[in-house]
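In case you want the letters, here they are:
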Amino acid sequence: MDHTGTQVMGFEIGIALSDSDASLETVQFLVGEMKKTGLQIETFQGLSTQLFIKVAAPLKTLARAATELQIIKPTQLGMDLPFDWEEAHAFVKHPDGSLFSWCDRYRCYQHLIFGIVNHSNSPIVISKLPGNRGYWEVGESLVRKLESIGIVEQVFPLHDEYMRKQLLKNWALNWGDFTQQPIDDIHSYLGTQIATYFAFLGMFTRWMAFPATFGLALHLFSFGPVKSLLLPVFFVSITLWAILFCQFWKRKHSAHLARWQVECFALSDPAHNTPGIQDVSLPSDVERTSKGKEDIQRTEWFKFLMRFRNDAMMIFSIICLQLPFELAYAHLYEVAGSGITRFGLSAVYLLAIQYFTRIGGKISVGLIKHESNENREYQANSLVYKVFGLYFMQTYIGLLYHALLHRNFDTLREMLLERLIITEVIQNFVESSFPYLKYIYNMHKAFRDSKRSNELSEGKVKFATKTENEYLKPTYAASIGEEFEDGLFDDYLELALRFGLVTMFACAFPLVFAFASLINLMEIRMDAFKLLTMFKRPVPRVASTNGAWLNIFQFLIVTSICTNCAILVCLYDKERKWKVEPGLAAILVMEHVLLLVKFGFSRFIPEEPAWVRASRMKNVAQAQDTCSKQLLGSVSGERGEVHEMHKTE
């Protein structure tokens, strides 16, 4: 509580500003305007030539912003309604006891900070900069204006030290619990999308116990003459395992969303997905209704053709440019005589492919900007599909080349281990070291700037507060850029490629599941430690599903059915005559049956638990009942008024 008895949240937002003679009065003006909105402000001088602002808000201020934003929240009546501060007691609190989730609070902060607008009738002078750069125009956001002239450098969320240390203790550094994670606490602190990723990773790791044990048994024990029959059994088991995993993940995730009070309406609100960023690609409802039927249809087909053109360009580029490059590398690796030559070839290949995929990612981002997608979620999904196509070709085409054309399964197993172990170790080292090195560089740069300005004497370097320390850390962003995706893009990509490696080549190397299981265990703690210590606190994002990534996992399951059937044919047809009758016929029948099972299981296994479905139907029924009563009440009221008018006449 503050001195007025109003509940105040901790400092949750930091603002970094330039410290120049032209900006001091402007910063004071900004602080005054932010205080007028009800925000709690604390300013201080940083180590470098920068000023910092810490922002907190009383619960009443956040509630006012939530009311203005019409944030939908569940009520005690079982209905989801726009938040109203006057009826706050009627809304359901979150599992941690708070009225607003971190996603909601961050969205309110963005609304309060960026919603400071010049409501006067004339521009206001806020800076000594020449020309019109120092004028705050009518209807213009003050913070956006200060960003454009370089006074506001960054607005970023701050770590809560108490919650961060609790998560470090109970999650990132808690190696004894293996796959157990405090998912609700993760959601409360990092948001829905990150909590969804770790829930998915944890469930995937737990489910890996079965194929890892089965594959390890096939590797350690000979099983005599029946081992050739065990491979098809292993393949069928792995396929059923992957299908059931995806279906039961949908059920588990729907239960998470129900408990976290996240509904599908979040996807229809672009600003909810990326707080503070408006999606200007969408036409307003007024614009839609003002258009005629033909114009709307023309716009719809134009959007479809644009997406089709961009997808066709990416597919054509992958086939004509990347496919020959990947096949050439695979052939050179096959004919290379010594291990040293292969190692050097792989090193050159990895350097070249990193450059190639980075260019492909930038091209994909450029194409997405010219598409008219429904919202930022659709834009992100479109980007995921395009970039994954590049990585799919890079990761799997060489392995398929060795397995199906040369049928060199020793080389295939060698490359699987190389991709799974060496690449993972290098990637985890890069993910851990690069953010730390960037932070060290920023820290020394700030120290050098402070010495140049003679603000600190030598040997007395000390950061003013932890806010500046957080500011110097890198942002949790995707390697292809942060226009549409955050750092989860790279984490999901890594997980999807690993899933494809273990499922698509299961019959060739069953032991690969054991290695992948160990890597997943390490990945949980490494990713958690990275988020809590090496990066700024991530911007919370709302996503009701895994987006495009779940569709990619489904695609990899279908692909694994085809590739494993082909590998079984190659294993049994050692004379390369493709006449393994009746074995070939049995394998073809098995492939069609498994594909049928894959698409049939989605019908037999419900995607949400019964209690979630019952709760949702209850909410819908109550909402319809309430709306019906209100409509009948309004109609009765209107008829009563008309009747009274007739009587007076």
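Computed from a prediction, not measured in an experiment: that's the story for all the values here.

Chemist: I'd like to hear about the overall build of the protein chain, residue by residue, with values.
Modeler: When helices and strands are tallied, the protein chain shows 21 helices and 8 strands. Taking all 649 residues of the protein chain together, 49% fall into the buried category. Summarising the internal contacts of the protein chain: among those between residues at least 6 apart in sequence, 76% fall at separations of at least 24. Surface exposure of the protein chain reaches about 32,000 Å², of which carbon and sulfur atoms provide 62%.

Chemist: Residues and numbers for helix α17 (residues 488-504), please.
Modeler: Here α17 contains 17 residues, and its C-alpha end-to-end distance of 24 Å stays within 8% of the 24 Å for a straight helix at 1.5 Å per residue. Most of α17 sits inside the fold, with 17 of its 17 residues counted as buried.

Chemist: Hey, could you go over the packing of helix α6 (residues 183-190) against helix α9 (residues 227-260) for me, with residue numbers and the actual values?
Modeler: Two elements in contact, α6 and α9, have axes separated by 11 Å at closest approach and are oriented at 55 degrees. Classified by the angle between their axes, α6 and α9 sit oblique to one another. Where α6 crosses over α9, the handedness of that crossing is right-handed. Each of I183, D184 and H187 in α6 lies in contact with α9, whose residues at this interface are H256, R259 and W260. Its residues placed into classes, the contact of α6 with α9 shows 2 nonpolar, 2 polar and 2 charged.

Chemist: Report on the confidence of the model for the protein chain, specifying residues and quantitative values.
Modeler: Here the protein chain shows a mean pLDDT of 79. Residues at 70 or above account for 81%. Mean pLDDT across the elements of the protein chain bottoms out in helix α10 (residues 270-273) (40) and peaks in helix α7 (residues 192-207) (94). Scored below 50 in pLDDT, residues 264-290 shows 48 contacts in the model against residues more than four places distant or in partner chains.

Chemist: Talk me through the UniProt feature "transmembrane region" (unreviewed entry) in the protein chain; I want residue IDs and the actual numbers.
Modeler: Per the UniProt record, "transmembrane region" (unreviewed entry) is annotated on residues 197-223, 229-249, 312-332, 383-405, 499-522, 548-572 and 584-605. End-to-end, the C-alpha atoms of residues 229-249 are 31 Å apart, and along that stretch the chain is 100% helix and 0% strand. As annotated, residues 312-332 has a helix share of 100% and a strand share of 0%, and its two end C-alpha atoms lie 30 Å apart.

Chemist: Could you give an account of the state of the cysteines, with specific residues and numbers?
Modeler: Summed over the entire model, instances satisfying the criterion amount to 0 disulfides. Cysteine C507 shares no disulfide, and the gap to the nearest cysteine sulfur, in C565, comes to 7.8 Å.

Chemist: Help me get a handle on the sheet that holds strand β3 (residues 50-56), residues and values and all.
Modeler: Across the sheet, 4 strands lie side by side as β2-β3-β1-β8; this open sheet has antiparallel pairing. At either margin of the open sheet sits one strand with a lone partner, and together these are β2 (40-45) and β8 (152-157). Across the sheet, the axes of successive neighbouring strands diverge by a mean angle of 20 degrees, strand direction being ignored. Sheet analysis places strand β1 (residues 13-18) next to β8, joined by 5 bridges and oriented antiparallel. Residue pairing for β8: G14 is matched across the bridge by F156. Along the sheet, helix α1 (residues 24-36) contacts β1, β2, β3 and β8; its crossing angle with β3, the most-contacted strand, is approximately 0 degrees.

Chemist: Mind laying out a nonpolar patch on the surface, listing which residues take part and the relevant values?
Modeler: A grouping of I421, I422, V425, I426, F429, V430, F434, Y436 and L437 is seen on the molecular surface, where their side chains present a nonpolar patch of about 880 Å² in accessible area. Inspection of the secondary structure puts L437 in helix α15 (residues 409-452). Given a relative accessible area of 51%, L437 falls into the exposed group.

Chemist: Tell me about the nonpolar core, and name the residues and values.
Modeler: In this structure, W171, F388, F505, F513 and W549 are the most contacted members of the largest nonpolar core, which totals 104 residues. The residues touching F505, leaving out its near neighbours within four places in the chain, are Y396, L399, L400, L412, L416, G500, N564 and I567. Residues I13, F100, Y106 and V152 belong to the second largest nonpolar core, which totals 42 residues.

Chemist: I'd love a proper account of the layout of surface pockets, names of residues and values included.
Modeler: If a probe as big as a water molecule is rolled over the atoms, it shows which places are left empty. By volume, the largest pocket amounts to about 1,400 Å³. In terms of lining residues, the largest pocket is bounded by 39 residues, among which Q354, Q427, V430, S479 and D490 are the most central. At the level of elements, α13 (339-369), α14 (376-406), α15 and α17 are the ones that each hand at least two residues to the lining of the largest pocket. With 10 residues, α15 is the largest single contributor of residues to the lining of the largest pocket. By residue class, the composition of the lining of the largest pocket is 16 nonpolar, 11 polar and 12 charged.

Chemist: Tell me about the environment of F434, and name the residues and values.
Modeler: Here F434 shows up in helix α15. Counting along the chain gives 40 residues from F434 to P474, while the straight-line C-alpha distance between them is 9.4 Å.

Chemist: Which residues make up the pairing of β3, and what values go with them?
Modeler: Burial analysis of β3 places 7 of its 7 residues in the buried class, which makes it a mostly covered element. By the alternation rule, side chains of β3 split into Q50, F52, K54 and A56 and L51, I53 and V55, which are all buried. Where β1 meets β3, 6 bridges bridge the pair, whose relative direction is antiparallel. Within the sheet, the bridge partner assigned to A16 lies in β3 and is F52.

Chemist: Explain the packing of α17 against helix α19 (residues 548-572) to me, using residue names and the numbers behind them.
Modeler: Where α17 contacts α19, the two axes come as close as 8 Å, and the packing angle between them is 20 degrees. Considered as vectors, α17 and α19 are oriented roughly parallel to each other. You can see that α17 and α19 cross each other, and the crossing is right-handed. On the side of α17, the interface is formed by F489, Y492, L493, L495, A496, F499, G500, T503 and M504, while α19 contributes W549, I552, F553, L556, I557, T559, S560, T563, N564 and I567. Here the residues of the contact of α17 with α19 are counted per class, giving 13 nonpolar, 6 polar and no charged.

Chemist: Would you mind going over the packing of aromatic side chains in detail, with residue names and values included?
Modeler: If you walk through the whole model with that rule in mind, you get 32 aromatic pairs. Here F52 and Y471 contribute two aromatic rings whose centre-to-centre distance is 5.4 Å and whose plane-to-plane angle is 70 degrees, an arrangement assigned as edge-to-face. Of the two residues, F52 is situated in strand β3 and Y471 in helix α16 (residues 466-471); the sequence distance between them amounts to 419 residues. Classification of Y471 as buried rests on a relative accessible area of 15%. Here Y197 and F198 contribute two aromatic rings whose centre-to-centre distance is 5.0 Å and whose plane-to-plane angle is 75 degrees, an arrangement assigned as edge-to-face. Each member of the pair Y197 and F198 is classed as buried. Above the face of the F11 ring, K54 is positioned so that its terminal group lies 4.8 Å from the ring centre. The positively charged end of K598 is found above the aromatic ring belonging to F599, 5.3 Å away from the centroid.

Chemist: Residues and numbers for the environment of T61, please.
Modeler: Its place among the elements puts T61 in helix α2 (residues 59-69). Taking the C-alpha atoms as reference points, T61 and Q40, separated by 21 residues in sequence, lie 9.8 Å from one another. Those residues within four positions of T61 in sequence are excluded, and the remaining contacts are T37, G38 and L112. Within the structure, T61 has its side chain in polar contact with the backbone oxygen of G38 (distance 3.2 Å).

What counts as what
Residues numbered from 1 in each chain as written. Predicted model: local features only at pLDDT ≥ 70, side-chain atom pairs only at ≥ 80, totals over all residues. Heavy atoms only, no water. Helix = DSSP H or I, 4+ residues; strand = E, 2+ residues; numbered from the N terminus. Buried < 20%, exposed > 50% of the residue type's maximum accessible area, 1.4 Å probe, protein only. Contact = heavy atoms within 4.5 Å. Areas by Shrake-Rupley, 256 points an atom, 1.4 Å probe, with all protein chains shown as cover. Expected span 1.5 Å × (residues − 1). Axes fitted to C-alpha atoms, helices over the stretch in contact; angles between N-to-C directions. Parallel < 35°, antiparallel > 145°, perpendicular 65-115°, else oblique. Left-handed = near helix turned anticlockwise from the far one by under 90°. Nonpolar A, V, L, I, M, F, W, Y, C, P; charged D, E, K, R; others polar. pLDDT = per-residue confidence, 0-100. UniProt positions renumbered as here; feature names shortened; annotations may be inferred. Disulfide = S-S within 2.5 Å. Pairing = 2+ DSSP bridges. Patch = residues over 30% accessible without salt bridge, like charges linked within 9 Å, V, L, I, M, F, W, Y side chains within 5 Å. Salt bridge = Lys/Arg side-chain N within 4 Å of Asp/Glu carboxyl O. Core = buried A, V, L, I, M, F, W, Y, C linked by side-chain atoms within 4.5 Å. 1 Å grid on protein atoms, 1.4 Å probe; cavity = no way out; pocket = protein on both sides within 12 Å on 5 of 7 lines; lining within 4 Å. Points joined across faces, edges and corners; volume = space filled by probe spheres on them. Phe/Tyr/Trp six-rings, centres within 6.5 Å; stacked < 30°, edge-to-face > 60°. Lys NZ or Arg CZ within 6 Å of the ring centre and 35° of its normal. Polar contact = N/O pair within 3.5 Å; in protein donor to acceptor, adjacent residues only side chain to side chain.

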